[in-house]
Each structure stands twice: as structure tokens, then as C-alpha cells.
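# Observations on chain architecture
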Amino acid sequence: MKRLSCEQALDLWNKADLFELGQLAHQKRFELHPEPIVTYIVDRNINYTNVCLSGCKFCAFYVPPGSPQGYVLSWQQLAAKVEETIAVGGYQILLQGGMHPDLGLNFYLELLTFLKQNFPQVAVHGFSPPEISFLAQKEEKTIKEIILSLKQAGLDSIPGGGAEILVDEVRQKISPRKCDSSTWLKIMEEAHGLGIKTTATMMFGHVETIEQRLEHLEKIRALQDKTKGFTAFIPWTFQPKNTLLDAREVSSVEYLKFLALSRLFLDNVLNIQASWVTQGPKVGQMALFWGANDFGSVMIEENVVKATGVSFRLPEKKLRELIQRAGFVPRKRKMDYSLLE
């Protein structure tokens, strides 16, 4: 299949049904990954703080500065979480917080140094582009200087959080205080240039149009052509409960259709992740036939989606069973998709 244009992708979306798109995406998945392997990672999402200036309308997790519910984890609390992660076979932590006005670059460098000195075997996947952009502004440094400092202190890779929809018209409606789409892309380009791998994400199903979703995919594809630094694309659906956005919940059918379209469009991103965290284990299992080749994380801890009232949990044994029952071979991986077993 030749590379899809946005016009062709829109035509497919409008004319192909769920099963046609699924069949095409499944075929594409096996072109890229001929073996029937489905990968996953054992890690933990650690929110080092819940204080955030951004005030995104889709977020049910954050609290504003000064809130009595606000927290910043102590080193002891952080260490306890990492120790628990190691005890159950985890080898990576995903560190995400918010745009905290009182935390400067030194806090982040001390945090990374503490982790690397005490847990050198644990990979740190941390600090999404909005956090990095906020830090650069606060410290009056360039984005490259901030990323380099974080890398030297022990940051291994960067998650694709804060992408939402990479169209500024949408961002103005749902997260006006966050970095714009060009800054998000610039941060990822700088990280790739410094040898740091990242993921790309999309949160869809709120105020955006299908054309805007495709614009987002096109921006990811164009940057991947240039840098080859994205290891995976992770689309998930907006969860409306306990948020300030009045939007319908995306159906599983729409989720699977768009997952398949993403697999077909992003011909240069090797891995597509199923989002059982928002869709549930059974739809996550179905996603393996709609283009996904990765089952994401065991996620020993997850707080942001949970704050919307959606809380699916999967112990590693159950996650492996779901993959096997779908007819695939489960394999543990690292963030860069190298296999661990």
C-alpha cells in the first residue's frame, strides 16, 4: 500500500466499515511485524506532584497551586514506590507531574540523581513536553539546554503526554495554558537530536474533528520522517467524567476504527499501542486485530485516568493470558522495544 494522504485517509474513514479498516490494519501490522508477538512493559506511573497551573479542561487529576490537596512526593515516598515496582518485576518508571510554579530545574535534577544513585537498574521515562516547555520558560533557558541537563542527570526517555490534539485551535479550547503544537513537536525533535527516544500520543474524542485528528497524525509522521525518534504511537480516548469538558464518551467501535486508521497512516512508526487502560481489557484484546502490536504497560500504578472514574487493572499474569488467548505470544520489552525475554 502506498503512503496515505490525509484526503485518502478521510475517504477511508468515511467509506470503510469497522471490519474493512481492521482487516487492512491487521495486514499492515503483519507486514511490519511478521512474527505473532505482542509486546508489553512492566512499569509504574508515578505522579511526583498533582499541582498544576495548566488547568486543562479534560483533566480530573490536577489541583491548583495553594490547594490543601496538593502534594509533592518526598524522596522517601518516591523510593518506596520504586522499591515496590522492582519487587514485582518492574524495570521502568514513568514520571509525570504538572506545571508546578515552585519546582525549578534543580528539583528535577536532584530527583533524577536520587533515582539513578539508588536505583541504577530502573529506566526513567519522564517529563512530557508541556513540563519541559514550562521549565524552559521558568528557568529562561532553551529547550535544548533543559533536555540536555535532564539527560545528563539520568533521564532515559520522554513520554508523549500533553499532545492531546496537535492543532492549536483545539488546544485553545481544552488546554490554553499548555505549550502549542509547534513547541510540542520542537521538544520532541530536540530530544531525538540528543539521542533520546520518545513516544507519540493522541487523546481524542472531545472537541476535535476527524480532519484535525488526521492533521495530528500527519505532523507526527512528518517529524518521524525527519528524526526516526518515536518508538510508538499511543492513541487513547477522552474520559469525560469529573472533567470540565462536556463531551460524549467515544464508543469502542470508533476507538477501534481510528486505531486501525492510525496503523495505516503512520507507516514510519513501527509500534502501535492498545489502550486497555481507557477501553478495558476485552477491547484492548480486540485492538490486537485492529493494528496494535503492543499491549502497553502492566501499570502497577495509574492515577490520571483513574481520577475520571475509569479504573481498569491488569496484573501481569492476566495481561499475558489476554495476549495468549488472542493467539499471540506475549513478550516483555523495554521502552525502545528491545525484548527482555
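Residues numbered from 1 in each chain as written. Predicted model: local features only at pLDDT ≥ 70, side-chain atom pairs only at ≥ 80, totals over all residues. Heavy atoms only, no water.

One can describe the packing of helix α9 (residues 210-227) onto helix α10 (residues 252-265) by two numbers: an axis separation of 11 Å at closest approach and a directional angle of 35 degrees. For the element pair α9 and α10, the recorded crossing hand is right-handed. For the pair α9 and α10, contact is made by Ile 210, Arg 213, Leu 214, Leu 217, Glu 218 and Arg 221 and by Glu 254, Phe 258, Leu 261, Ser 262 and Phe 265, respectively. Of the residues belonging to the contact of α9 with α10, the class tally is six nonpolar, one polar and four charged. (Axes fitted to C-alpha atoms, helices over the stretch in contact; angles between N-to-C directions. Helix = DSSP H or I, 4+ residues; strand = E, 2+ residues; numbered from the N terminus. Left-handed = near helix turned anticlockwise from the far one by under 90°. Contact = heavy atoms within 4.5 Å. Nonpolar A, V, L, I, M, F, W, Y, C, P; charged D, E, K, R; others polar.)

This brings us to the pattern of salt bridges. By the definition in use, this model includes 14 salt bridges. Ionic pairing is found between Glu 84 and Arg 44, a salt bridge with its closest N-O pair at 3.0 Å. With Glu 84 in helix α3 (residues 75-87) and Arg 44 in strand β2 (residues 43-46), this residue pair connects regions lying 40 residues apart in the sequence. What makes Glu 84 partly exposed here is its relative accessible area of 44%. The class of Arg 44 is buried, set by a relative accessible area of 7%. Between Glu 316 and Lys 332 there is a salt bridge, and its shortest N-O distance comes to 3.3 Å. Taken as a pair, Glu 316 in helix α13 (residues 316-325) and Lys 332 in strand β10 (residues 329-332) lie far apart in primary sequence, 16 residues in all. Three or more residues joined by partner-sharing salt bridges are found here, namely Arg 3, Asp 225 and Asp 267. (Salt bridge = Lys/Arg side-chain N within 4 Å of Asp/Glu carboxyl O. Buried < 20%, exposed > 50% of the residue type's maximum accessible area, 1.4 Å probe, protein only.)

On inspection of all chains with the given rule, the structure shows 13 aromatic pairs. Seen in terms of ring centroids, Phe 30 and Phe 328 are 6.4 Å apart; in terms of plane orientation they differ by 15 degrees. Their pairing is stacked. Residue Phe 30 is located in helix α2 (residues 18-32), and its partner Phe 328 is located in the loop between α13 and β10; the two are separated by 298 residues in the primary sequence. Plain terms: the ring middles of Tyr 48 and Phe 107 are 6.1 Å apart, the flat faces sit at 40 degrees to each other, and that makes the pair tilted. Note that Tyr 48 is positioned in the loop between β2 and α3 and Phe 107 in helix α4 (residues 105-118), a separation of 59 residues in sequence. Here Tyr 48 matches Phe 107 in class, with each residue buried. Ring pairing ties together the aromatic residues Tyr 48, Trp 75, Phe 107, Tyr 108, Phe 114 and Phe 127, which thus form one cluster. It is Arg 29 that lies over the ring of Phe 30; its NZ or CZ is 4.5 Å from the centre. (Phe/Tyr/Trp six-rings, centres within 6.5 Å; stacked < 30°, edge-to-face > 60°. Lys NZ or Arg CZ within 6 Å of the ring centre and 35° of its normal.)

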